[in-house]
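# Geometric and topological summary
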Amino acid sequence: MTTRSRKHSLFMAGRRVAVFPSSEDLGPTLAELVRSRADRAIASRGRFTLGLSGGSLVSMLSRELLVPPDLDCSRWVVGFCDERLVPVDHPESTYGQYKNKLFSKVNIPESGILAIDSSLPVKECAEDYARKLKEAIPEDDFPVFDLLLLGMGPDGHTCSLFPEHPLLEETQKIVAPIDDSPKPPPQRVTMTLPVVNSARCVTFVSTGGSKASVLKEVLEGRKGPAFPAALVVPTNGELFWLVDAPAAASLTIQVERLGLGAKL
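To keep things clear, this report deals only with the structure shown in the data block. (Residues numbered from 1 in each chain as written. Predicted model: local features only at pLDDT ≥ 70, side-chain atom pairs only at ≥ 80, totals over all residues. Heavy atoms only, no water.)

### Digging into the packing of helix H3 (residues 56-64) against helix H4 (residues 94-101)
For the record, the criterion: Each axis is a line fitted through C-alpha atoms, taken for helices only over the stretch in contact, and angles between the N-to-C directions span 0 to 180 degrees. Segments assigned H or I by DSSP are reported as helices when at least four residues long, segments assigned E as strands when at least two residues long, and all are numbered from the N terminus. Should an angle fall under 35 degrees it is called roughly parallel, over 145 degrees roughly antiparallel, and 65 to 115 degrees roughly perpendicular, with every other angle called oblique. Crossing chirality is assigned from the near helix's rotation relative to the far helix, an anticlockwise turn below a right angle marking it left-handed and a clockwise turn marking it right-handed. Only heavy atoms matter for contacts: two residues are in contact if any of them lie within 4.5 Å across the pair. All amino acids are sorted into three groups, where Ala, Val, Leu, Ile, Met, Phe, Trp, Tyr, Cys and Pro are nonpolar, Asp, Glu, Lys and Arg are charged, and the leftover types, Gly among them, are polar.
At a minimum axis distance of 10 Å, the contact between H3 and H4 shows a crossing angle of 20 degrees. One way to sum up the angle between H3 and H4 is to call them roughly parallel. Crossing of H3 over H4 shows right-handed handedness. On H4, the residues that touch Leu57, Val58, Ser59, Leu61 and Ser62 of H3 are Gln97, Tyr98 and Lys101. Within the contact of H3 with H4, the residues separate by chemical class into four nonpolar, three polar and one charged.

Here it is as structure tokens:
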């Protein structure tokens, strides 16, 4: 497939773009999506596999998933879409943030939390984490998560997949090491695009006016190489973009305008 036809296919792919007045209006819908996909997965396959990202998602999920307080996570398996190679108690640790704000308040079994071993060198850490994911979700060549929650940086990166980085061409690895991240800290591990695009549902959350210009290029196309976030096109899964009005300010495509309490 040529670069031009590849890009064209990206923007023709099925997806839902939902715009909310504010991030506060968006949060409850995201939490309801997580709960509904969990119920669906447990009813169908006996458990729910969820991939988490850091940044503003940590606070949003930790706040909204605890309302109402009777969330049953006993059959959840949780991994991380990317992670910084720092100790768990480091403020940059995504696992550490979720451990403090969410995991300590719900009944996710310890065995159901798939965390990196940050004591390993970055290459061995990525290999070790790939093994953990494969053992926990062994059904296919690449682990198939029920739901992946992703953010997007102002440069169009997602996970730790950065613009024009060689990792965007990775087709074999489940988890890849990165030791030259343009965003600190430099050493990280990240799910690869084949894993992301194998998920049953991928949901981006993007908020704030600083994302407006890049969101337009991700969703509507650009002259240069496609941003990493635009390369997320699930092969057989759903794709949602949940954004607030400031982030959506430059969009000209058709979107869904939703409010507080909306369900997808």
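### Focus on the sheet that holds strand S3 (residues 76-80)
Strands belonging to one sheet form pairs held by backbone hydrogen bonds; the direction of such a pair is parallel or antiparallel. Basically, it comes down to this: By the convention used here, strands pair only if DSSP detects at least 2 bridges between them.
Strand order across the open sheet formed by seven strands is S3-S2-S5-S8-S9-S1-S10, with parallel pairing between neighbours. Each end of this open sheet is capped by a strand with a single partner; those strands are S3 and strand S10 (256-257). As judged from the six bridges shared by strand S8 (residues 201-206) and strand S9 (residues 238-244), these two strands associate in the parallel manner. Across the sheet, the residue bridging to Thr203 is Phe240, located in S9. Each of strand S2 (48-52), strand S5 (147-150) and S8 touches H3; the most contacted strand, S5, lies at about 125 degrees to it.

### Brief notes about helix H5 (residues 122-136)
Selection criterion: Expected helix span is computed as 1.5 Å times (number of residues minus one). Relative accessibility thresholds used throughout: buried, under 20% of the residue-type maximum; exposed, over 50%; partly exposed, between the two (1.4 Å probe, protein chains only).
Between its first and last C-alpha, H5 extends 21 Å over 15 residues, near the 21 Å set by a 1.5 Å rise per residue. Of the positions making up H5, those classed as buried are Val122, Cys125, Ala126, Asp128, Tyr129, Ala130, Leu133 and Ala136. Check the buried side of H5 and you find it contacts S3, strand S6 (175-178) and strand S7 (188-191).

### Section: the pairing of S9
Counted only if it meets this: Call a crossover right-handed when, viewed with both strands pointing away from you, the route from the first strand across the helix to the second goes clockwise.
Within S9, six of the seven residues are buried, leaving the element largely enclosed by the surrounding structure. Two elements, strand S1 (residues 16-20) and S9, share five bridges in a ladder whose sense is parallel. Residue Val19 lies in a different strand from S9, and its bridge partner there is Val243. Once you follow S8 into helix H7 (residues 212-220) and on to S9, the crossover reads as right-handed.

### Re the layout of surface pockets
Stated formally: Here a cavity denotes a set of grid points, spaced 1 Å apart and computed over the protein atoms alone, in which a 1.4 Å probe fits but from which it cannot get out, and a pocket denotes an open set meeting protein on both sides within 12 Å along at least five of seven lines; residues with an atom within 4 Å of a point are reported as lining. Grid points are joined across faces, edges and corners, and a volume is the space filled by probe spheres set on the points.
Considering only enclosed or pocket space, the largest pocket measures out at about 350 Å³ in volume. Secondary structure elements with two or more residues in the lining of the largest pocket: H3, strand S4 (82-84) and S8. Tallied by class, residues from the lining of the largest pocket come to four nonpolar, 12 polar and five charged.

### Section: the environment of Pro154
Here Pro154 lies in the loop between S5 and S6. As for Pro154 and Ser210, which are separated by 56 residues in sequence, their C-alpha atoms are 6.7 Å apart. Those residues within four positions of Pro154 in sequence are excluded, and the remaining contacts are Ser210, Lys211 and Val214.

### Some thoughts on helix H2 (residues 23-45)
Taking 1.5 Å of rise per residue, the 23 residues of H2 would be expected to cover 33 Å, and the 32 Å separating its terminal C-alpha atoms lies within 8% of that figure. Just past H2, the residue Gly46 takes up positive phi, approximately 85 degrees.

### Some remarks on the packing of aromatic side chains
Worth spelling out the cut-off: Within 6.5 Å between ring centres, the rings of Phe, Tyr and Trp (the latter by its six-membered ring) count as paired, and their orientation is classed by plane angle as stacked under 30 degrees, edge-to-face over 60, tilted in between.
For the structure on display, the rule yields seven aromatic pairs. Consider the rings of Phe80 and Tyr95, whose centres lie 5.9 Å apart with planes at 70 degrees: the pair is edge-to-face. Placement of Phe80 in strand S3 and of Tyr95 in helix H4 is noted, with a sequence separation of 15 residues between them. Like Tyr95, Phe80 is buried. Ring geometry for Phe204 against Trp241: centres 3.9 Å apart, planes inclined by 5 degrees, an arrangement best described as stacked. Remark: Trp241 occurs in strand S9 and Phe204 occurs in strand S8; sequence separation between them is 37 residues. In this structure, Phe204 and Trp241 share a single accessibility class: buried. What links up through ring pairs into an aromatic cluster is the set Phe80, Tyr95, Tyr98 and Phe103.

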